[in-house]
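Spelled out, the chains give:
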Amino acid sequence: MDLSWAISAAAVTVLVIVVVLMGLVLWSVRTHRDPDLHIQCDVGIDTLMPSLSGLTLGTSIGGNSVEILENGKFWDVLEERIGMAKKSIHYETFLWKEGKLGKRMAKAFAERAKDGVKVRIMLDANGSGGIGKSEVATMEKAGVKVHFFHRKVLRNIGVLNDRTHRKMLIIDGKEAFVGGHCVVDEWMGDAEDGKHFGDVSVRLRGPIVHSVQGAFSENWAGSTGELFAGPEVFPP
């Protein structure tokens, strides 16, 4: 009996050690060890663009424009521009909940798809789990490709904590919208009370749109296997 007790104790000890080691590995993978950054520079932002490009592995290119869009007015502009799309619409968001705004956006996307515009929508499976089935059905029936990023299925068990918090819309590869707005009714107002949010997004035009299109392509291709190319999505 003493031998059996010793074997059981040893097994428990090994199990505890394995669990602790696995926990440490997961903690190490997920934990960022951000350094305390320091910089000394007394020049203006206008002369810092080459530095910012180099530090971010980017390239400074002229010809871009930025328009700031605040609060619920953002959706008015977005809906108008969606209605003007001629070739492609790509949309990605973290949150989409059933409601007035959801129905409004689903209808806008569906109408363009019915007219032959290629509409691809990437929704985070966690954040957009509350999207109404009728809204998805409205879009898919019209020909919209709707894909949920990292659904809760066995094959995704290793990436369930990897979510897409991106909020972006690219139209015809010529203009893009990025920011904080989500498809939830609380984002419709003007931050007039505790039930409506204030937020900021921007409308981008110029060469930078290709970069936003590339960001959308990253998650779309990685999840669906579909690559898109050509002037409909990356116009000169």
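Residues numbered from 1 in each chain as written. Predicted model: local features only at pLDDT ≥ 70, side-chain atom pairs only at ≥ 80, totals over all residues. Heavy atoms only, no water.

## Quick word on the pattern of salt bridges
Step number 1: One pass over the structure, following the stated rule, counts 12 salt bridges.
Step number 2: Arginine 104 is the salt-bridge partner of aspartate 76, the closest N and O atoms lying 2.8 Å from each other. In this pair, aspartate 76 is assigned in helix H3 (residues 73–84) and arginine 104 in helix H4 (residues 100–114), connecting sequence segments 28 residues apart.
Step number 3: Aspartate 76 gets classed as partly exposed once you look at its relative accessible area, which sits at 46%.
Step number 4: Arginine 104 gets classed as partly exposed once you look at its relative accessible area, which sits at 21%.
Step number 5: Linking glutamate 79 and arginine 104 is a salt bridge whose minimum nitrogen-to-oxygen distance equals 2.7 Å. With glutamate 79 in helix H3 and arginine 104 in helix H4, this residue pair connects regions lying 25 residues apart in the sequence.
Step number 6: By relative accessible area, glutamate 79 is classed as partly exposed at 30%. (Salt bridge = Lys/Arg side-chain N within 4 Å of Asp/Glu carboxyl O. Helix = DSSP H or I, 4+ residues; strand = E, 2+ residues; numbered from the N terminus. Buried < 20%, exposed > 50% of the residue type's maximum accessible area, 1.4 Å probe, protein only.)

## Examining helix H5 (residues 133–142)
For an α-helix, the turn length of 3.6 residues means that residues three or four places apart are oriented alike.
Step number 1: Inspection of H5 places Glu135, Val136, Met139 and Ala142 among the buried residues, and these make up the whole buried set. When H5 is viewed along its axis, its buried side chains cluster within an angular range of 140° and face the same direction. Away from its buried face by more than 90 degrees, H5 exposes Lys133 and Lys141.
Step number 2: Close packing links the buried residues of H5 with H4, strand S3 (118–124) and strand S4 (145–149). (Arc of directions from axis to C-beta. Contact = heavy atoms within 4.5 Å.)

## A short note on the packing of aromatic side chains
Step number 1: Summed over all chains, the structure comprises eight aromatic pairs.
Step number 2: Centre to centre, the rings of tyrosine 91 and tryptophan 96 are 6.4 Å apart; their planes meet at 70°, and the pair counts as edge-to-face. The same class applies to tyrosine 91 as to tryptophan 96, namely buried.
Step number 3: With a centroid separation of 4.7 Å and an interplanar angle of 85°, the aromatic rings of tryptophan 187 and phenylalanine 197 are classed as edge-to-face. Here tryptophan 187 is found in the loop between strand S6 (175–179) and strand S7 (200–205), whereas its partner phenylalanine 197 is found in the loop between S6 and S7, with 10 residues between them in sequence.
Step number 4: Taking the relative accessible area as the measure of exposure, tryptophan 187 reaches 12% and is therefore buried. (Phe/Tyr/Trp six-rings, centres within 6.5 Å; stacked < 30°, edge-to-face > 60°.)

## Section: the nonpolar core
Step number 1: In terms of nonpolar packing, the biggest core is built from 37 residues, with Trp75, Trp96, Met105, Phe109, Met139 and Leu169 touching the most fellow members.
Step number 2: Contributions of two or more residues to this core are made by H3, strand S2 (88–93), H4, S3, H5, S4 and strand S5 (168–171).
Step number 3: Met168, Ala176, Val202 and Leu204 belong to the second-largest nonpolar core, a separate cluster that totals 13 residues. (Core = buried A, V, L, I, M, F, W, Y, C linked by side-chain atoms within 4.5 Å.)

## Structural notes on the pairing of S4
Step number 1: Bridging between S3 and S4 involves five bridges; their strand directions are parallel. For methionine 122, the partnering residue across the bridge sits in S4 and is histidine 147. (Pairing = 2+ DSSP bridges.)

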